[in-house]
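# Survey of secondary and tertiary structure
Residues per chain are reported as follows:
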Amino acid sequence: MERYSIIKEKNPREIVLLRGKGCAYKKCTFCDYHTDCCSNEEENYLLNKTILEKVTGFYGKIEIINSGSVFELDHKTSELIKNICHDKGIKTIHFECHYLYKNLIPVLRELYKDFELKMKLGLETFDYDLRETVLQKGIDERDNLIISKNFDEANLLFGISGQNIDSMENDIALGLKYFERICINIMCKNSTRIKPNTRVISDFTKYLYPKYKDNSRIDILLNNTDFGVGD
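Structural notes, computed from the coordinates. (Residues numbered from 1 in each chain as written. Predicted model: local features only at pLDDT ≥ 70, side-chain atom pairs only at ≥ 80, totals over all residues. Heavy atoms only, no water.)

## Regarding the environment of Ile146
So the rule is basically this: Secondary structure follows DSSP: runs of H or I at least 4 residues long count as helices, runs of E at least 2 residues long count as strands, and numbering of each begins at the N terminus. What makes two residues a contact is simply this: any of their non-hydrogen atoms within 4.5 Å.
Tracing the backbone shows Ile146 in helix H5 (residues 144-148). Not counting residues within four places of it along the chain, the set of residues in contact with Ile146 comprises Tyr99 and Glu141.

So this is what it looks like as structure tokens:
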């Protein structure tokens, strides 16, 4: 599994895929990333250390993901992140977390007060019924302003049954309204019961991808390894 890469185009930054104790939620019907975990904090730290040692600070920005939420990383890894970012001159750190941790984000910002934190939410869609009935995201809130509070960026998931060109474009418009940046992830086949819908993916690729591919506020991952990490 690749755990370090460099994103050279939109919002250039380094990216690392670390390992934590595991997603605390684990109920999203489309996701099996949570299998990349370990209950042994020391083993996680030693692995994460080898990954973080590759960081150069070239762009002054880094995205740190861990198949879960930043709050599931061990304390030693968190301290190492701060130390390496200081040493390498990194000013901006992008983290991800589930909505259930929303009230802890101000605490995290204080712990990382020497850096500009960009917090990314796995929202997937603004369609409440699709998000909560089908995808079971655990975001029991309909007010988009409340949802976006404390978050700077959002992940969107496209390419599944129940979506169409209009609904995807609506998600993009709302994403750009309520967040600084969005990352569109096209559904890829995995071990879950949610399967890619080839017609929806084809519609996105034909009609929406050309329209938004050059937007500097939108990352688009046609494959889940397009950032260079994962497997």
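## Considerations on the pairing of strand E8 (residues 218-221)
Selection criterion: Buried means the residue's accessible area, taken with a 1.4 Å probe over protein chains only, is under 20% of the maximum for its type, while exposed means over 50%, and partly exposed covers the values in between. When DSSP locates at least two bridges between a pair of strands, those strands are taken to pair. Seen with the strands pointing away from the viewer, any crossover whose path from the first strand over the helix to the second strand runs clockwise is right-handed.
Here E8 shows a buried face lined by Ile218 and Ile220 and a second buried face lined by Asp219 and Leu221. In the sheet, strand E7 (residues 181-186) pairs with E8 via four bridges, with the strands oriented parallel. Its bridge partner being in E8, Cys183 is matched across the sheet by Asp219. Following the backbone out of E7, through helix H7 (residues 198-212) and into the adjacent parallel E8, one traces a crossover that is right-handed.

## Section: unusual backbone geometry
Note: most peptide bonds trans; most residues except glycine with negative phi. Of note, the phi angle at Asn11 is positive, near 45°, even though the residue is not glycine. Structurally, Asn11 is set in the loop between strand E1 (4-7) and strand E2 (13-17). The class of Asn11 is buried, set by a relative accessible area of 14%. Phi is positive for Gln136, which is not a glycine, with a value near 55°. Tracing the backbone through its elements, the reader meets Gln136 in the loop between helix H4 (128-134) and H5.

## Things to note about the environment of Asn66
As a reminder, the rule being used: We define a polar contact as two N or O atoms separated by no more than 3.5 Å, with the added condition that, inside protein, one atom must be a possible hydrogen donor and the other a possible acceptor, whereas residues neighbouring each other in sequence contribute only through side-chain atom pairs.
Mapped onto the fold, Asn66 is located in the loop between strand E3 (61-65) and helix H2 (75-87). Once the C-alpha coordinates of Asn66 and Leu46 are considered, the two residues, 20 residues apart in sequence, prove to be 14 Å apart. Aside from chain neighbours lying at most four places away, what touches Asn66 is Leu17, Leu18, Arg19, Gly20, Glu72 and Leu73. Reaching out from Asn66, the side chain makes a polar contact with the backbone oxygen of Ser69 at a distance of 2.9 Å.

## Things to note about the pairing of strand E4 (residues 92-97)
Burial analysis of E4 places six of its six residues in the buried class, which makes it a mostly covered element. Where burial is concerned, the two faces of E4 agree: the one with Thr92, His94 and Glu96 and the one with Ile93, Phe95 and Cys97 are both buried. Sheet topology places E3 next to E4; four bridges connect them, and they run parallel. Opposite Ile62, over in E4, you have Ile93 as the bridge partner. Once you follow E3 into H2 and on to E4, the crossover reads as right-handed. For E4 and strand E5 (residues 116-124), the ladder comprises six bridges, and the chain directions are parallel. By the bridge assignment for E5, Thr92 is matched with Glu116.

## Thoughts on the sheet that holds E2
The condition that has to hold: The axes used here are C-alpha line fits, helices contributing only the stretch in contact, and every angle between their N-to-C directions lies in the interval 0 to 180 degrees.
Taking strand neighbours across the sheet as the criterion, the eight strands line up as E1-E2-E3-E4-E5-E6-E7-E8 in an open arrangement whose pairing is mixed. Strands at the two margins of the open sheet, each flanked by one partner only, are E1 and E8. The sheet shows a mean angle of 20° between the axes of neighbouring strands, direction not considered.

## Here's the deal with the side chain of Arg19
Heads up, the rule is: In this tally, Asp and Glu contribute negative charge and Lys and Arg positive charge; neither His nor the terminal groups of the chain are included. By definition here, a salt bridge exists when the distance from a side-chain nitrogen of Lys or Arg to a carboxyl oxygen of Asp or Glu is within 4 Å.
Tracing the chain through its elements places Arg19 in the loop between E2 and helix H1 (41-52). Comment: no salt bridge for buried Arg19; closest opposite-charge side chain is Glu43, at 4.4 Å. Of note is the side chain of Arg19, whose polar atom sits 2.6 Å from the side chain of Asn44. When near neighbours in sequence (up to four residues on either side) are disregarded, Arg19 contacts Arg3, Asp36, Cys37, Cys38, Glu43, Asn44, Leu47, Asn48, Asn66 and Leu73.

## With respect to the packing of aromatic side chains
Our working rule: When two rings of Phe, Tyr or Trp (its six-membered ring) have centres within 6.5 Å they constitute a pair, described as stacked for plane angles under 30 degrees, edge-to-face for angles over 60, and tilted for the intermediate range.
As enumerated under the stated definition, the model contains nine aromatic pairs in all. Taking the centre distance of 6.3 Å and the plane angle of 55° together, the rings of Tyr112 and Phe115 count as tilted. Relative accessible area serves as the criterion here: at 1%, Tyr112 is assigned to the buried category. Ring geometry for Phe158 versus Phe204: centroids 5.8 Å apart, planes at 65°, classification edge-to-face. A residue pair is termed long-range when its members are at least 10 positions apart, and Phe158 in strand E6 (residues 153-158) and Phe204 in helix H7 qualify at 46 residues. A single burial state applies to Phe158 and to Phe204, both of which are buried. Put simply, the rings of Phe95, Tyr112 and Phe115 touch in pairs and so form one group of aromatic residues.

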